[in-house]
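# Coordinate analysis (summary)
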Amino acid sequence: MLGLAGCASPPEDTAATVECPPQIPQQDPRLPIAEKEITDLRAQVSQLKKQAAAQTKQSQELQLQLAEQHSRILQLQLALDQAVQEVVRAKARLRSRNSKAETVANLAELKLELENAENKTTDSRQQALLQRARQYLHMSEAALEENNYEGSSYLMTQARHTLAKVESPKSDKLDPESAFPVPVTMKTRKLCNIREEPSLKSKVLLQLSPGAEVSAIDRKGLWVKVRTAGGKIGWAHFSLLKTSY
C-alpha cells in the first residue's frame, strides 16, 4: 500500500507551469537585397539629377552663344547695307552705260534664278541667303524705277553673289564675344527679377511679368544685361529668359 501511494501522481493544482521560450521571427533573406537595390537606385537618381543640372546649364550657355552670333550677324548685315546704299548712291551720279531694256531683261533673268534656287533650298542657312538675295532684287527694282540703271545692275550683281553662296559650304565663323553689338530681343519666361549686378545677392531693381520683352545688350556667364521697354538697365539670369528672334 505504501509503495503504491509513493507512485501516485501529484494533484493537478500542484503541477509546475512550463513556459515556452519566445520565438524569434526569421528575417526574410530578400530584405538585404531589396535594401541594397533601393540604395543603388537613390544613388543613380542623385547622379542623374546632377547630370540634368549640368546639361541645363550647358544648354543655356549654347543658347546665349547662338544669340551672340545672331547679334554679330545683324551688326555685319547693317554695315553691309550701309555700304551697298553708298555704292548705289554713287552709281546714281554716274552717267549710265546701261539701257532700261537691258536692265529689265537682267532683272527677269535674276527672278528666274531665284525661283530655281528656291526649289533647291533645304536648310535655314540657305533660306536666309535666299531672303537676302530677294532683298537685293527688290532694291534693284527700286533703283530701276529711279532710272538708276547702274545702281540696279550693281544690286543684281550682289544678289547673284548671294545666290552663289547658297550652294557653297558654310564658312567664315565669327569669333565669340561677350557683348551683343546689336541688341537681341528676348522675353521673360516667368516673373523675372532685374538686378543691379549679375548675382543673386545683388539688389533687385524691378520685376518683370511673364512675357515681357527686353533687349539683351551684354552678358556675363549665364547672366544677361538687359534694357527694358521703359529704358531701365539691369541683369537677369538666362534661365528666366528666352530668345524671340
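Conventions used here
- Starting from 1, residues in each chain are numbered consecutively following that chain's sequence as written.
- Local features are withheld for residues below a pLDDT of 70 in this predicted model, meaning they are given only at 70 or higher, and side-chain atom pairs are given and counted only at 80 or more; totals for whole chains, interfaces and linings count all residues.
- Side-chain figures throughout are based on the complete set of non-hydrogen atoms in the structure, without hydrogens or water.
- For the purposes of this entry, the term helix denotes a DSSP run of H or I that reaches at least four residues, the term strand denotes a run of E that reaches at least two, and both are numbered from the N terminus.
- Here the term buried applies to any residue with accessible area under 20% of the maximum for its type, exposed to any over 50%, and partly exposed to those in between, with areas from a 1.4 Å probe on protein chains only.
- In this description, contact between two residues means that some pair of their heavy atoms is separated by no more than 4.5 Å.
- Note on definitions: salt bridges are taken to be side-chain nitrogens of Lys or Arg within 4 Å of carboxyl oxygens of Asp or Glu.
- A helix is expected to span 1.5 Å multiplied by its residue count minus one.
- Aromatic contacts are taken between Phe, Tyr and Trp rings whose centres are within 6.5 Å, Trp giving its six-membered ring; a plane angle under 30 degrees counts as stacked, one over 60 as edge-to-face, and the others as tilted.
- Cation placement over rings: the criterion is NZ of Lys or CZ of Arg within 6 Å of the ring centroid and within 35° of the ring normal.
- pLDDT is a residue-level measure of predictor confidence that goes from 0 to 100.
- What we call a nonpolar core is a set of buried Ala, Val, Leu, Ile, Met, Phe, Trp, Tyr and Cys residues that are connected through their side-chain atoms within 4.5 Å.
- Patch membership requires over 30% relative accessible area and the absence of a salt bridge. Like charges are linked within 9 Å, and nonpolar side chains (Val, Leu, Ile, Met, Phe, Trp, Tyr) within 5 Å.
- What sets the accessible areas is the Shrake-Rupley method with a 1.4 Å probe; for residues, cover comes only from the shown protein chains.
- We treat Lys and Arg as the positive residues and Asp and Glu as the negative residues; His and chain ends play no part in the count.
- For charged residues, the charge sits on one atom: NZ in Lys, CZ in Arg, CG in Asp, CD in Glu.
- Only the contacting stretch of a helix is used when fitting its axis, a line to C-alpha atoms as for every element, and angles between N-to-C directions run 0 to 180 degrees.
- In these notes the angle categories are as follows: under 35 degrees is roughly parallel, over 145 is roughly antiparallel, 65 to 115 is roughly perpendicular, and the rest is oblique.
- Here a crossing is called left-handed whenever its near helix is offset anticlockwise from the far helix by less than a right angle, and right-handed whenever the offset is clockwise.
- Note: two strands are recorded as paired if DSSP finds a minimum of 2 bridges between them.

Tracing the chain through its elements places K57 in helix α2 (residues 30-92). Classification of K57 as exposed rests on a relative accessible area of 54%. Spatially, the C-alpha atoms of K57 and F238 are 9.7 Å apart, while their sequence positions differ by 181 residues.

Inspection of the secondary structure puts T228 in strand β5 (residues 223-228). Residue T228 is classed as buried on the basis of its relative accessible area of 9%. Once residues lying within four places of it in the same chain are set aside, the contact partners of T228 are L206, L208 and V214.

What follows deals with the pattern of salt bridges. Per the counting criterion, the structure on display carries 6 salt bridges. The residue K111 makes a salt bridge to E141 at a minimum N-O spacing of 3.1 Å. With a gap of 30 residues between them, K111 in helix α3 (residues 100-120) and E141 in helix α4 (residues 124-145) connect regions that are remote in the sequence. Overall, E141 belongs to the partly exposed group, its relative accessible area being 24%. In this structure, the salt-bridge partner of R134 is E118, at a minimum N-O distance of 2.9 Å. In this pair, R134 is assigned in helix α4 and E118 in helix α3, connecting sequence segments 16 residues apart. Through salt bridges with shared partners, a single network forms among E61, E68 and R219.

With 18 residues, helix α5 (residues 149-166) extends 26 Å between its outermost C-alpha atoms, agreeing within 8% with the 26 Å of an ideal straight helix rising 1.5 Å per residue. A large share of α5 lies buried, amounting to 13 of its 18 residues.

So, about unusual backbone geometry. Glycine aside, residues mostly have negative phi angles, and peptide bonds mostly take the trans form. Residues other than glycine seldom take positive phi values, yet N147 does so here, at roughly 65°. Secondary-structure assignment places N147 in the loop between α4 and α5.

Moving on: the packing of aromatic side chains. Applying the stated criterion across every chain yields a total of 0 aromatic pairs. The ring of Y136 has R132 lying over it, and the distance from NZ or CZ to the ring centre is 4.7 Å.

This part covers the confidence of the model for the protein chain. A low pLDDT means the predicted coordinates there should not be read in detail. Per-residue pLDDT for the protein chain has a mean of 79; in total, 79% of the residues score no lower than 70. Confidence drops under pLDDT 50 across residues 1-8; counting only partners more than four residues distant or on other chains, this segment forms 0 contacts. Counting contacts from residues 171-178, a segment whose pLDDT is below 50, to residues more than four positions away or on other chains yields 10 contacts.

On to the side chain of Q60. Position of Q60 among the secondary structure elements: in helix α2. Relative accessible area serves as the criterion here: at 12%, Q60 is assigned to the buried category. If we skip the residues at most four places from it in the chain, Q60 touches L222, H237, F238 and S239.

A word on the nonpolar core. Within the largest apolar cluster, 20 residues are counted, with the highest numbers of intra-cluster contacts made by V84, L110, L114, L130, L155 and L163. In terms of nonpolar packing, the next biggest core, distinct from the first, is built from 17 residues, A67, V224, A236 and F238 among them.

Here the focus is a positive patch on the surface. On the surface, K187, R189, K190 and K242 cluster together into a patch of positive charge. Mapped onto the elements of the fold, K242 is located in strand β7 (residues 241-243).

This part covers the packing of α3 against α5. Each packed pair of helices is defined by two parameters, the angle between the axes and the distance between the axes. Look at α3 against α5: their axes get within 10 Å of each other, and the N-to-C directions meet at 20°. Between α3 and α5, the angle is such that the two are roughly parallel. In terms of crossing hand, the pair formed by α3 and α5 is left-handed. Counted together, K100, T103, N106, L107, E109, L110, E113, L114 and A117 of α3 and Y149, S152, S153, M156, A159, R160 and L163 of α5 form the full contact between these two elements.

Moving on, we come to the pairing of β5. Looking at chain direction, strand β4 (residues 213-220) and β5 are connected through 6 bridges and run antiparallel. In the sheet register, S215 faces β5, and the bridge partner there is R227. Hairpin connection between β4 and β5: a loop of 2 residues separates the two successive antiparallel strands, and G221 in this loop has a positive phi of roughly 65°. Where β5 and strand β6 (residues 233-237) come together, 5 bridges link them in antiparallel fashion. When the bridges of β6 are listed, V224 appears paired with A236. The hairpin formed by β5 and β6 contains 4 residues between the paired strands, and G231 there has a positive phi angle of roughly 90°.

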